[in-house]
Each structure stands twice: as structure tokens, then as C-alpha cells.
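Inside the fold
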Amino acid sequence: MAKQAANKARQKDSSLYGAMSALITPFKNNKLDEESFIRLIQRQIRYGMDACVPVGTTGESATLTHKEHMECIEIAVSVCKSSATKVLAGAGSNSTSEAIELALFAQKCGADAILCVSPYYNKPSQEGLYQHYKAVAESVEIPLVLYNVPGRTGVHIESSTVIRLFNDVPNIIAIKEASGSMERIIELNTLVPDLTIFSGEDAINYPILANGGSGVISVTGNLLPDKIATLTHLAMERKLSESKAINNELYAINSVLFCESNPIPIKATMYLAGLISSLEYRLPLVAPSRANMQLIEQTLQQYEVKQ
């Protein structure tokens with residue numbers, strides 16, 4: 001009863017907000033390229049990102065070893081600790097016990113919060129999703145951000161389940177919403193006004209921010225952190241026309257970055273822009289087709305990429 005009362009009194013969490021990038025994981029000779037990873041995070045800090053998100057799905061977490069996954073979190077925390085940039089560490093899995101292990105490690109490391117993608121392939125019921133997230137969240141004290149991306153996981157976290165989790169588990173504070181549905185954003189804002197909502201779809205960052213979103217977790221932010229930070233901060237300051245103009249400017253790059261499965265295009269774009277020295281993926285991901293590589297290169301020429 002005390003927990004329920006505390007939840008009812010809880011207001012929208014303001015400790016995690018703003019512009020965040022779902023970081024790629026750079027490889028060299030099929031191993032984690034630690035030097036490049038450090039430089040990429042430093043670049044995020046330099047261009048005003050509020051948080052970085054290591055080892056989410058854009059970070060190829062599904063094909064990293066647990067040791068590599070943990071190393072990425074450690075590096076991100078170490079690099080960000082002397083800055084104002086927070087770390088929202090990826091701690092998702094289709095195994096609840098593995099997600100708990102990663103969540104505990106992220107907390108021990110000093111991460112500010114964890115991002116937990118819904119279990120993929122298993123296709124759990126809504127009750128299964130509830131029990132999974134409840135178990136992960138209750139294993140730690142730091143905040144947990146739900147991650148709804150049904151196009152990749154095969155399961156949708158229904159609004160009723162989001163509401164139930166938010167009401168029952170105090171440290172579930174937010175959701176990264178990547179369903180692509182603006183109706184869903186409005187529904188969650190209406191039904192759970194104290195829930196923090198982050199855009200997980202770069203093409204609709206501005207509309208989500210303009211309709212109550214508290215930030216973005218961006219793929220494009222890897223390449224153009226300055227633009228994503230400015231777009232987000234302008235929207236949060238309610239300078240909506242200026243924010244919308246940047247969102248429109250980014251339409252072409254936002255589109256091309258999903259011409260193949262993420263993170264294939266963003267890593268190719270980062271390589272072409274000289275931000276990573278080696279274009280490597282973990283199988284079963286491979287480099288873009290020749291046609292898509294040409295399309296990426298042509299689109300990239302429209303933008304100034306700051307080093």
C-alpha cells in the first residue's frame with residue numbers, strides 16, 4: 001500500500017531527459033575498438049548531448065559477448081563521469097536472468113539508468129512482459145526505461161501493461177517509444193501524464209517532443225549530435241518552429257539511415273564521414289548493398305559533419 005501511495009504521488013521524473021544517442025559499437029578486427037568508442041563518446045559530450053546510450057540495439061548488443069557488453073558500459077561511465085552527460089546503459093535481453101545480470105552490473109558501474117528492450121523472439125504475453133520488467137527493475141535501485149520496438153522484437157508493450165508497470169514499480173520512470181505511432185504517444189501522455197516519453201524514431205522526433213515527449217534516443221545523433229541536441233533543446237524550450245525546421249532538415253538523413261536494418265546504415269555513414277576507421281559488423285549483419293552505399297554517400301553530402 002505504501003508503494004502504491006508513493007507511486008500515485010510521483011511526478012514526471014526529471015533526472016533523465018533531453019538529447020541522447022543510441023551509440024554504435026565500433027569494431028576493429030572483430031574486437032571492440034575501445035579507442036574509437038571513447039572518441040565517439042567524447043564527441044557526444046562536446047556537442048551537447050544530455051546522455052549517451054551504450055549497448056542498446058543500435059550498439060549490436062545481441063551479438064556482443066557479455067564481457068564486451070560490460071566493457072562498453074564501463075567505458076561510457078568512465079568517459080562521462082567528469083561531464084554533465086549521463087549514461088543510460090543498455091541492459092536488455094530475451095532472458096530475464098541475463099537482463100538482471102546486466103542491470104546489476106550497470107548499477108555497480110555507476111550508470112545513471114538502464115534501457116531495457118522488450119524480450120525479442122520469445123513473443124511473451126503481456127503478463128510475461130509485466131513480470132519480466134518487474135523482475136529487472138526490482139533487481140536494481142537505478143531508474144529503468146522501457147523500450148518498445150515491436151517491429152524488431154515481435155511484441156508490443158500494450159498501454160495497459162505500461163500503466164501497470166508504471167503504477168506498480170517505482171523505478172520504472174520512462175519509455176523509449178519506437179512503434180512509429182503518434183496516436184500511441186498521445187494515448188500514453190493522456191493516460192499516464194507522469195510517464196516520461198522518449199522518441200525512438202528520428203523521423204518523428206519533433207512531433208513527439210511537441211506532443212509531450214521529454215527527449216529523444218537517436219540513431220542520427222551518432223552522426224550529427226549537434227543537430228539532434230539543438231533540435232531537442234529548442235523543442236523543450238517550446239521554440240517549436242525552430243525545432244521543426246531542424247527536423248525537416250534532417251529528413252533525408254533520417255530516412256537513409258533506415259534503408260537497411262539498423263545499425264547497418266549508420267555505421268556505414270560514420271565510416272564515410274571519417275568518424276570510425278573500420279567498417280565492421282558482427283554477423284549476421286553485413287555491409288550495405290552497393291546501391292544503398294551510393295545512396296548513403298549521396299545523402300551524406302547534404303550535411304556538414306563536425307569532427
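Model, not experiment: these values are computed from the prediction.

The next subject is the overall build of the chain. Across its full length, the chain carries 14 helices and 10 strands. For 307 residues, the compact-globule formula gives about 19 Å, and the C-alpha radius of gyration of the chain, at 18 Å, lands near that figure. Each principal axis of the C-alpha distribution contributes one length, and for the chain these read about 55 × 45 × 40 Å. Out of the 307 residues belonging to the chain, those deemed buried represent 55%. Residue pairs at least 24 apart in sequence account for 71% of intrachain contacts in the chain once pairs closer than 6 positions are excluded. If you sum the accessible surface of the chain, you get close to 12,800 Å²; carbon and sulfur atoms cover 51% of it. Computed over 27 positive and 31 negative side-chain charges, the separation of the two mean positions in the chain equals 1 Å.

Here the focus is helix α11 (residues 240–249). All of the buried residues in α11 are Ser243, Ile246 and Asn247. Down the axis of α11, the sector holding all buried residues measures 100°, keeping them to one side. Turning to α11, the residues buried within the fold contact α9 (205–210), α10 (225–236) and α12 (251–256).

Turning our eyes to something else, we now look at the sheet that holds strand β7 (residues 144–148). Strand order in this closed barrel of eight strands is β1-β4-β5-β6-β7-β8-β9-β10, and the pairing throughout is parallel. Taking each pair of neighbouring strands and ignoring which way they run, the sheet shows an average axis angle of 25°. Here strand β6 (residues 113–117) pairs with β7 via four bridges, running parallel. From the neighbouring strand, Val117 faces β7, where its bridge partner is Tyr147. Each of β7, β8 (172–177) and β9 (196–199) touches helix α8 (residues 182–191); the most contacted strand, β8, lies at about 165° to it.

Listing the buried residues of α8 in full gives Arg184, Ile185, Leu188 and Asn189. Seen from one end, α8 has its buried residues packed into an arc of 130°, which puts them on one side. Exposed residues lying more than 90 degrees from the buried face of α8 are Glu183 and Thr190. On its buried face, α8 sits against β7, α7 (159–168), β8, β9 and α9. With a side-chain oxygen positioned 3.4 Å from the backbone nitrogen of Glu183, the residue opening α8 is Ser181.

Our focus in this paragraph is the environment of Val305. In this fold, Val305 is placed in the segment after α14 (290–300). Judged by its relative accessible area of 18%, Val305 is buried. Leaving out residues up to four positions away in the same chain, Val305 has contacts with Arg43, Leu223, Leu224, Ala273, Leu275 and Leu300.

Turning our attention to the packing of helix α5 (residues 126–138) against α7. As a packed pair, α5 and α7 sit with axes 10 Å apart at the nearest point and diverge in direction by 30°. In this view, α5 runs roughly parallel relative to α7, as classed from their interaxial angle. In this structure, the crossing between α5 and α7 has a hand that is right-handed. On α7, the residues that touch Gln126, Glu127, Leu129, Tyr130, Tyr133 and Lys134 of α5 are Thr161, Arg164, Leu165 and Asp168. Residue classes in the contact of α5 with α7 are distributed as four nonpolar, two polar and four charged.

Here we take up the environment of Ile266. Within the secondary structure, Ile266 is located in helix α13 (residues 264–272). Separated by 62 residues in sequence, Ile266 and Ile204 place their C-alpha atoms 17 Å apart. Sequence-distant contacts of Ile266, that is, excluding residues within four places in its chain, are made with Ile24, Thr58, Val219, Asn222, Leu223 and Leu257.

Before going further, it helps to spend a moment on the packing of aromatic side chains. One pass over the full model with this rule turns up zero aromatic pairs. Taking the ring centre of Tyr130 as reference, the NZ or CZ of Arg164 above it sits at 3.5 Å. A cation sits over an aromatic face here: Arg282 above Phe27, 4.5 Å from the ring centre.

Moving on: the pairing of β7. Among the five residues in β7, five count as buried, and that is most of the element. Crossover connection from β6 via α5 to parallel β7: handedness right-handed. Relative to β8, β7 runs parallel, the two sharing five bridges. Across the sheet, Asn148 pairs through a bridge with Glu177, a residue of β8.

The rules behind the values
- Residues numbered from 1 in each chain as written.
- Predicted model: local features only at pLDDT ≥ 70, side-chain atom pairs only at ≥ 80, totals over all residues.
- Heavy atoms only, no water.
- Helix = DSSP H or I, 4+ residues; strand = E, 2+ residues; numbered from the N terminus.
- Rg over C-alpha atoms; globule rule 2.2 N^0.38 Å.
- Buried < 20%, exposed > 50% of the residue type's maximum accessible area, 1.4 Å probe, protein only.
- Contact = heavy atoms within 4.5 Å.
- Areas by Shrake-Rupley, 256 points an atom, 1.4 Å probe, with all protein chains shown as cover.
- Lys, Arg positive; Asp, Glu negative; His and termini not counted.
- Charge placed at Lys NZ, Arg CZ, Asp CG, Glu CD.
- Arc of directions from axis to C-beta.
- Pairing = 2+ DSSP bridges.
- Axes fitted to C-alpha atoms, helices over the stretch in contact; angles between N-to-C directions.
- Polar contact = N/O pair within 3.5 Å; in protein donor to acceptor, adjacent residues only side chain to side chain.
- Parallel < 35°, antiparallel > 145°, perpendicular 65-115°, else oblique.
- Left-handed = near helix turned anticlockwise from the far one by under 90°.
- Nonpolar A, V, L, I, M, F, W, Y, C, P; charged D, E, K, R; others polar.
- Phe/Tyr/Trp six-rings, centres within 6.5 Å; stacked < 30°, edge-to-face > 60°.
- Lys NZ or Arg CZ within 6 Å of the ring centre and 35° of its normal.
- Right-handed = clockwise from strand over helix to strand, strands pointing away.

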